[in-house]
Amino acid sequence: MELDWNILRREEQTMYRLRGLYERYGYRRFKMSKFEEYDLYIRNKDFLVSDRMITFTDARGVLMALKPDVTLSIIKNTREEDAGPRKVYYNETVYRSGKGDEGFQEILQTGLECIGELDLYHIYEVVALAVESLAAISPDYVLDVSHVGLVSGFMEAAGVEEADYPEVMAAVRSKNLAALDGFCRKRGLSGTVQALLERLVTTYGTMDAVLAELAPLCVGGKKTREAWEELSSLCTLLKANGLGDKVYLDFSVEGDMDYYSGLVFRGFLKNLAAGVLSGGQYDRMVEKMGKRCGAMGFAIYLNELERLGPAQPQYDADVLVLYDGATDLAALTARLAQLARQGKRALARRQAGGDLQVKQTLDLRGGEQA
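The shown structure was predicted, so the numbers you read here are calculated from the model rather than taken from an experiment.

1. Observations regarding the sheet that holds strand 3 (residues 55–57)
Here is step 1 of the chain: Taken in spatial order, the three strands of this open sheet run 2-4-3, and their pairing is antiparallel. At either margin of the open sheet sits one strand with a lone partner, and together these are strand 2 (35–37) and strand 3. Pairs of neighbouring strands in the sheet enclose a mean axial angle of 35°, with direction left out of account.
Here is step 2 of the chain: As paired strands, strand 3 and strand 4 (residues 63–66) are joined by three bridges and run antiparallel to one another. In the sheet register, threonine 57 faces strand 4, and the bridge partner there is leucine 63.

2. Quick notes on the nonpolar core
Here is step 1 of the chain: By size, the foremost hydrophobic cluster in this structure holds 65 residues, and its most contacted members are Tyr22, Leu143, Phe265 and Phe298.
Here is step 2 of the chain: When residues in this core are grouped by element, the largest group, 10 residues, is from helix 4 (residues 120–137).
Here is step 3 of the chain: Of all hydrophobic cores here, the second largest spans 30 residues; its members include Ile74, Tyr90, Tyr259 and Ala295.

3. Observations concerning the pairing of strand 13 (residues 317–322)
Here is step 1 of the chain: Burial runs high along strand 13: six of the six residues are buried.
Here is step 2 of the chain: In the sheet, strand 13 pairs with strand 15 (residues 358–363) via five bridges, with the strands oriented parallel. Bridge pairing in strand 15 links leucine 320 to threonine 361.
Here is step 3 of the chain: Across four bridges, the pairing between strand 13 and strand 14 (residues 346–349) is parallel. Across the sheet, valine 319 pairs through a bridge with alanine 346, a residue of strand 14.
Here is step 4 of the chain: Crossover strand 13 to strand 14 through helix 12 (residues 329–341) is right-handed.

4. Quick look at the side chain of glutamate 113
Here is step 1 of the chain: Inspection of the secondary structure assignment puts glutamate 113 in strand 6 (residues 105–116).
Here is step 2 of the chain: Within the buried set, glutamate 113 has no salt-bridge partner at all; the shortest N-O distance to an opposite charge, 9.8 Å, is to arginine 96.
Here is step 3 of the chain: A distance of 2.9 Å separates polar atoms of two side chains, one belonging to glutamate 113 and the other to threonine 71.
Here is step 4 of the chain: Those residues in contact with glutamate 113 that lie beyond four places of it in its chain are Tyr27, Thr71, Ile74, Arg86, Lys87, Val88, Tyr90, Tyr282, Met296, Gly297 and Phe298.

5. Things to note about the sheet that holds strand 15
Here is step 1 of the chain: Reading across from one edge, 14-13-15 is the order of the three strands in this open sheet, with parallel pairing throughout. Looking at strand neighbours, the two that pair on one side only are strand 14 and strand 15, the edges of this open sheet. On average, adjacent strands in this sheet sit at an angle of 25° to one another, irrespective of strand direction.

6. A look at the packing of aromatic side chains
Here is step 1 of the chain: Enumeration over the complete set of coordinates arrives at seven aromatic pairs.
Here is step 2 of the chain: When the ring of tyrosine 22 is compared with that of phenylalanine 298, the centres are 6.2 Å apart and the planes differ by 70°; the resulting orientation is edge-to-face. Placement of the pair is tyrosine 22 in helix 1 (residues 10–24) and phenylalanine 298 in strand 12 (residues 294–301), with a sequence separation of 276 residues. Here tyrosine 22 matches phenylalanine 298 in class, with each residue buried.

7. A word on helix 5 (residues 148–157)
Here is step 1 of the chain: Across the 10 residues of helix 5, eight count as buried, placing the element largely inside the fold.
Here is step 2 of the chain: Those residues of helix 5 that fall on the buried side of the exposure criterion are Val148, Gly149, Leu150, Val151, Ser152, Gly153, Phe154 and Met155.
Here is step 3 of the chain: Of the residues flanking the end of helix 5, it is glycine 159, one or two places downstream, whose phi is positive at about 75°.

Thresholds applied
- The residue numbers shown here count from 1 along each chain, following its written sequence.
- It should be noted that, the model being predicted, local features are given only for residues of pLDDT at least 70 and side-chain atom pairs only at 80 or more, the latter also being counted only at that level, while totals for whole chains, interfaces and linings use all residues.
- Only hydrogens and water are removed before side-chain values are computed, so all heavy atoms of the structure are retained for them.
- Strand pairing is assigned whenever DSSP detects at least two bridges linking the two strands.
- Secondary structure elements are defined from DSSP: runs of H or I of at least 4 residues count as helices, runs of E of at least 2 residues count as strands, and each element is numbered from the N terminus.
- To get an axis, a line is fitted to the C-alpha atoms, and for a helix only the part in contact is used. The angle between two axes follows their N-to-C directions and goes from 0 to 180 degrees.
- The nonpolar core is taken to be a set of buried Ala, Val, Leu, Ile, Met, Phe, Trp, Tyr and Cys residues, with the residues joined through side-chain atoms within 4.5 Å.
- Note on classification: 1.4 Å probe, protein chains only; a residue is buried when its accessible area is under 20% of the maximum for its type, exposed when over 50%, partly exposed between these limits.
- By convention, a crossover is right-handed whenever its connection, traced from the first strand over the helix to the second and viewed with the strands pointing away, goes clockwise.
- The charge count treats Lys and Arg as positive and Asp and Glu as negative. His and the chain ends do not count.
- Salt bridge, as used here: a side-chain nitrogen of Lys or Arg that lies within 4 Å of a carboxyl oxygen of Asp or Glu.
- Definition of a polar contact: a pair of N or O atoms within 3.5 Å, with one able to donate and the other able to accept a hydrogen when the atoms are protein atoms, and with sequence-neighbouring residues admitted only if both atoms are side-chain atoms.
- We call two residues contacting when some pair of their heavy atoms lies within 4.5 Å.
- Pairing of aromatic rings covers Phe, Tyr and the six-membered ring of Trp, with a centre-to-centre limit of 6.5 Å; geometry is then stacked below 30 degrees between planes, edge-to-face above 60, and tilted otherwise.

Okay, here's the thing in structure tokens:
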């Protein structure tokens, strides 16, 4: 018997569709406990949305936390010596509070991680799956991409001190030219340097168009050149496979430079102000946890899909079966069982009417067995 999609909520439908997508690319299910040792999270708190956690002490006297994150657990349980990248996906609930929130939320996530020696193909695969994941939810999506190497390379070329990166990135993230102008005046930076930094704020467009504009600015430094080349190669692969139309370059997509080392990206759906997908390449996070390999992945916040409203089926039922007091109940129940075996949704009623939408009507009233 096939799964009846119409009985599932939108986020449940999405979860099953994405599970099939990821398994076709060789990703395997990762299942974890609801809690981990608190020390794992507090040592990597800057990687988390919030360092506030729900904690308790277990029977051993060890302080535990309801998991606020899945990626850290996957890294912890990955061995460097495993042959080839480890490719896993997950459907998990995390428990966290947002910045400034007093309460905690249960957040249903699905996502994937690719951990190991990563090459350009693996980077493309993760980004392509992010695009396909968004497309599986809604045709009205965009994926905004940035690159830590390009952003930090621009700031190095502009002579920005590393201690000032957070202030500059705050202006870039909010696309605030006035704040950036204030920073440049405060630091006495030249107009040429300010113009270079303003490119981080104003740059937005399809990858191929923006990369063409930035090409003359990326030839000087090694870091910017390598980042530009990686983005250009990725753009070529996405376009070759029909996935590049809704992928945009946007430097306001932020990844903590202490943890992320390459691409960072965020996915958006029409009518949802908050992003529903976020991810990137977090080699430095893996290195901080004592493992020498690359890592890249993304998470989709399924709770956000509730804001789109329920997934409404076109019909209330496939078949409306009408009966009355003269109908043979044995014949009625047999017909309903037959329809169920055929995978059809059948609804038995004494009369038609109302706003019920059905594909077909069978009339068994008066003893008739139509």
